[in-house]
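Observations on the three-dimensional arrangement
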Amino acid sequence: MAVTPATGAAEISPDLYPSEEDLPYEEEILRNPFSLKLWWRYLIARSSAPFRRRAVIYERALKALPGSYKLWHAYLRERLDAVRGRPVSDPAFDSLNNTFERALVTMHKMPRIWLMYLASLSEQRLVTRGRRTFDRALRALPVTQHDRIWEPYLALVSLPGVPVETSLRVFRRYLLFDPSHIEDFINFLIASRRWQEAAERLAGVLNDDSFHSIKGKTRHQLWLELCDILTRHATEVSGLKVDAIIRGGIRRYTDEVGRLWTSLADYYVRRGLYEKARDIFEEGIQTVTTVRDFSVIFESYAQFEQSALAAKIETAEEEQEEDGEGEEDGRRDDLSKLTKKFLDGFWLNDDDDTDLRMARFENLLSRRPELLNSVLLRQNPHNVEQWHRRVKIFENDPAKQVFTYIEAVRTVDPMKAVGKPHTIWIAFARLYESHNDIKNARDIFEKAVNVNYKTVDHLATVWCEYAEMELRHKNFGRALELMRKATAEPSVEVKRRVAADGNEPVQMKLHKSLRLWSFYVDLEESLGSLESTRAVYERIFDLRIATPQIILNYAFLLEENKYFEDAFKVYERGVKIFKYPHVKDIWVTYLSKFVKRYGKTKLERARELFEHAVEQAPANEVKPIYLQYAKLEEEYGLAKRAMKVYDQAVKAVPDSEKLSMYEIYIARAAAIFGVPKTREIYERAIESGLPDNDAKKMCLKYAELERNLGEIDRARAIYVFASQFADPRSDPDFWKVWKDFEIQHGNEDTFREMLRISRSVSASYSQTHFILPEYLMQKDQKLNLEEAVDTLKRAGVPEDEMATLERQLAPAAANSPVKNGGRMVNFVSAGSESQSDGGIRLTANNEDIELPEESDSEDDKIEIAQKNVPASVFGDLAEKVAKDEDKGADAADNGGSRALMYCGRLTCNRLYLLPFLHKRPRWEHPSLKIILEHIYYYIGRAHAENVIS
């Protein structure tokens, strides 16, 4: 079969003819050449064949089915794959383009075929053919498919080398289709350096309120882009009102004011209008309200002046040469000659303005502090501190300082001021005073005292400064007259008029200003008489503005002038007016002065004063008054009354000061009545409910006293009582003191007792003791006992005979575990001792208590027939249970006997020492309660009470 390919009329190679394997497919196609399914099956079967052979099949199929999109799409893709990697000048590309053209004859409504063709043309860089093909595609496809065509179309015209005018026409056509993509057009214009049209398009976008950026840009960003184009390409953009545009941005976007002002100035600089640019810089500096914007404008301004100066210096020589050549040229008109005649040598006619530019630059740098201060004042014109700084800037120019003060007092509103507005008036007056212009200074003060300040204290300060100025110039009478005028109470008519207005100025409250009256009374004390000073103090009392310090000053004044009773009356008025804590200084001074003045002559009156003082004083302030009271009784009264005062003091002071108060009480009692008198004070202190730590300290001091007096048993009993306040783990110092005491004054029994009490107290302080394993408790007991015995031996104390006998009778070490009922976990037998092999030996008690027969249960009299269960039923378990019960019973008997023996001996030896510490029965003592609990546990409450009684 012969087939003529579309690419030429050459004959087909024999390799392209159908083979025997193709005969079934060929027969089917001959029977039905218009079946797409048969052609597609044929192509799939020959998928591994060379492209040339498959191309013949495609051509035959498309000749039969020219409207099959599936065949055209597959054929074109294979042809694109075949030319991929080849140079664009290869003839295969021409064949490919012809194939696309043939396909579009029937597939012109298929956008995918158009896109494949257009992409191929773009890769071949066939701009003209591609542009025309894009236009054909836009005409052939419906408008709903145009957005798929425009994207590669714009990419084609944006390629390098494409004429800009061509690209602009395409972009303009695209904007007619989709105006929302104007930002792409603007970016293209900027990239193509078409500044005029870019600026116009940007201005149109900004004027369109309905515009929404598809790139996410804000109007602020677009505005800044427009400003950059206008300023950087000022000579290339025309027709737009640049000044109005940028000023509109300054009013609208306040966060970029500095940048916009510099852009506007840069626009005029690029256009060569340097003076206009300088005016713009000055206007910007004078209008910005933030330091950041000021810094941006000032730096640009300074750089502009510096650049202008440098450029002028560089071109000065060239200009001089040009001027010299111009002078040598004889062709001058009459006007030039006339100008030369009259303006020669005049500095304004001098083209070399280097000095002028230098002066401008230096002036700009020197004005920076003033300009910056102006910015801060524009932020808040009522900022007093900034006005003071502005005045300091002009410290070498008094005239400018005066103008600044005048502007400040006119601008600052006292009700809105940040700071103290009265300081501006005071500083203004001091400026005139420093230049010896007292008259103007007084005029300033006269105006200042009529200003309605926010607080009375500000007005009072102005009056005081006014008077101090008069004092500095020796005008004492005028100063007193000013104070009388300032402290005068407004008349009733003035008050009525102000009340009608409804806006009460601070001048109406000035007569109650404590600052003003304090200054006035100081002036009267220094310059006036005693009567006038007392009148001022009395006026202060009448106005009810007196303070404790005023009271004290008044009393001191009267004392200096020997008016002691009047001074005491002032104190009395003070203690009636004020309460604690303000009255504390008045009471202390009053009592001290009274005692110093009268001593024992008016003792009863002094006592009444002290009683009245302690009644008013709170607990935390009463201690110094009681000490002063007690000192009075010791020096001028009775010692018994002094002790009574101390006793009242320890009850009145708070718990935190009871210990120190008791120490003072005991020290004074020992000094007056001797050491034995202090015992009952110690006992009362311990019983008074002191905090545990303070009670422990008091017990230690009490025990030390008894020790020094030789009362060893009393001292030991005090240690026993104080042990309940000291945990051995957190307070080892107490137990060390007791240990040293027992080493020096005790024996082995007392030392063991101390150790036992230590363990009991430790158990009461911590719950963890009750869950310790048994062997740890025994180990602790062994170590403590060994330490005690060794310490007693080193001290030379002979061993107790009972302890020796117990060690001799000690049975073999019992290592079997004890049942829960055998012994109490927190009770350690006093008869245990350590052996060299590390075991624990339990001492047999030879003083077993014979319990009365009546204590046996009556159930023994009842005879009940019992029958033993054969042991074979239980096996080895029965024997093990029997052994455990026997061991437990033996341990229980031994533990109970030892506990009763030890506790009974402790009771007999110690019980008589304790009653004097507490006014309660012996059996209520905490240490004895622990012992009784142990006894009750082992032998029962009834038997224990009989034995102990």
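All figures in this text were calculated on a predicted structure; none of them were measured in a lab. (Residues numbered from 1 in each chain as written. Predicted model: local features only at pLDDT ≥ 70, side-chain atom pairs only at ≥ 80, totals over all residues. Heavy atoms only, no water.)

From N to C terminus, the protein chain includes 45 helices and two strands. Residue burial in the protein chain is summarised as follows: out of 949 residues, 42% are buried. In the protein chain, the proportion of contacts linking residues at least 24 apart, taken out of those at least 6 apart, comes to 58%. (Helix = DSSP H or I, 4+ residues; strand = E, 2+ residues; numbered from the N terminus. Buried < 20%, exposed > 50% of the residue type's maximum accessible area, 1.4 Å probe, protein only. Contact = heavy atoms within 4.5 Å.)

Now for the packing of helix α34 (residues 639–652) against helix α35 (residues 655–673). Contact pair α34 / α35: the axes reach a minimum separation of 9 Å and the direction vectors enclose 165°. By the criterion of interaxial angle, the relationship of α34 to α35 is roughly antiparallel. Of the two elements, α34 crosses α35, and the hand of that crossing is left-handed. Residue-level inspection shows Ala639, Lys640, Met643, Tyr646, Asp647, Ala649, Val650 and Lys651 of α34 in contact with α35, the latter providing Lys658, Met661, Tyr662, Ile664, Tyr665, Arg668, Ala669, Ile672 and Phe673. (Axes fitted to C-alpha atoms, helices over the stretch in contact; angles between N-to-C directions. Parallel < 35°, antiparallel > 145°, perpendicular 65-115°, else oblique. Left-handed = near helix turned anticlockwise from the far one by under 90°.)

On to the pattern of salt bridges. Considering all chains together, one arrives at 56 salt bridges under this definition. The residue Glu197 makes a salt bridge to Arg172 at a minimum N-O spacing of 3.1 Å. Separated by 25 residues along the polypeptide, Glu197 in helix α11 (residues 195–207) and Arg172 in helix α9 (residues 164–177) bring together distant segments of the chain. With its nearest N and O atoms 3.0 Å apart, the salt bridge here joins Asp184 to Lys215. Taken together, the positions of Asp184 in helix α10 (residues 182–191) and Lys215 in the loop between α11 and α12 (219–232) put the pair 31 residues apart, joining distant regions of the chain. One network of salt bridges, in which partners are shared, links Glu275, Arg278, Glu305 and Arg360. (Salt bridge = Lys/Arg side-chain N within 4 Å of Asp/Glu carboxyl O.)

This brings us to helix α14 (residues 257–270). For α14, which comprises 14 residues, the first-to-last C-alpha distance of 20 Å matches the rise-based estimate of 20 Å (1.5 Å per residue) to within 8%. Among the 14 residues of α14, ten are classified as buried, and the element is accordingly described as predominantly covered. Residues Val257, Gly258, Leu260, Trp261, Thr262, Ser263, Leu264, Ala265, Tyr267 and Tyr268 constitute the buried set of α14. Gly272 sits one or two residues past α14 and shows a positive phi near 85°. (Expected span 1.5 Å × (residues − 1).)

Within helix α13 (residues 242–252), burial applies to Val242, Ile245, Ile246, Gly248, Gly249 and Ile250. As for α13, its buried residues are in contact with α12 and α14.

Looking at the secondary structure, you find Leu482 in helix α25 (residues 476–487). According to the relative accessible area criterion, Leu482 is buried, its value standing at 6%. Between the C-alpha atom of Leu482 and that of Tyr520, which follows or precedes it by 38 residues, the distance is 9.4 Å. Discounting chain neighbours no more than four positions away, the residues touching Leu482 are Trp463, Tyr466, Ala467 and Glu470.

Bringing unusual backbone geometry into the picture now. The omega torsion of the bond from Tyr580 to Pro581 falls at 5°, within 30 degrees of zero and hence cis. Along the chain, Pro581 falls in the loop between α30 (564–577) and α31 (584–598). Notably, Arg193 is not glycine yet its phi reads approximately 60°, a positive angle. Inspection of the secondary structure assignment puts Arg193 in the loop between α10 and α11. Even without being a glycine, Lys562 presents a positive backbone phi close to 70°. Tracing the sequence through the fold places Lys562 in the loop between α29 (548–560) and α30. For Lys562, a relative accessible area of 62% gives the class exposed.

It is worth spelling out the packing of aromatic side chains at this point. Applying the stated criterion to the full structure yields 38 aromatic pairs. Look at Phe134 and Tyr153: their rings are 4.6 Å apart centre to centre, the planes differ by 5°, and that puts the pair in the stacked class. Of this pair, Phe134 sits in helix α7 (residues 127–140) while Tyr153 sits in helix α8 (residues 146–157); the two residues are 19 residues apart in sequence, bridging distant segments of the chain. Each member of the pair, Phe134 as well as Tyr153, carries the same accessibility label: buried. Consider the rings of Tyr571 and Tyr590, whose centres lie 5.2 Å apart with planes at 20°: the pair is stacked. Of this pair, Tyr571 sits in helix α30 while Tyr590 sits in helix α31, and the two are 19 residues apart along the sequence. Each member of the pair Tyr571 and Tyr590 is classed as buried. An aromatic cluster is defined as three or more aromatic residues linked by ring pairs; in this entry it consists of Phe568, Tyr571, Trp587, Tyr590, Phe594 and Tyr598. Above the plane of the ring of Phe541 lies Arg573, whose end atom (NZ or CZ) is 4.1 Å from the centre. (Phe/Tyr/Trp six-rings, centres within 6.5 Å; stacked < 30°, edge-to-face > 60°. Lys NZ or Arg CZ within 6 Å of the ring centre and 35° of its normal.)

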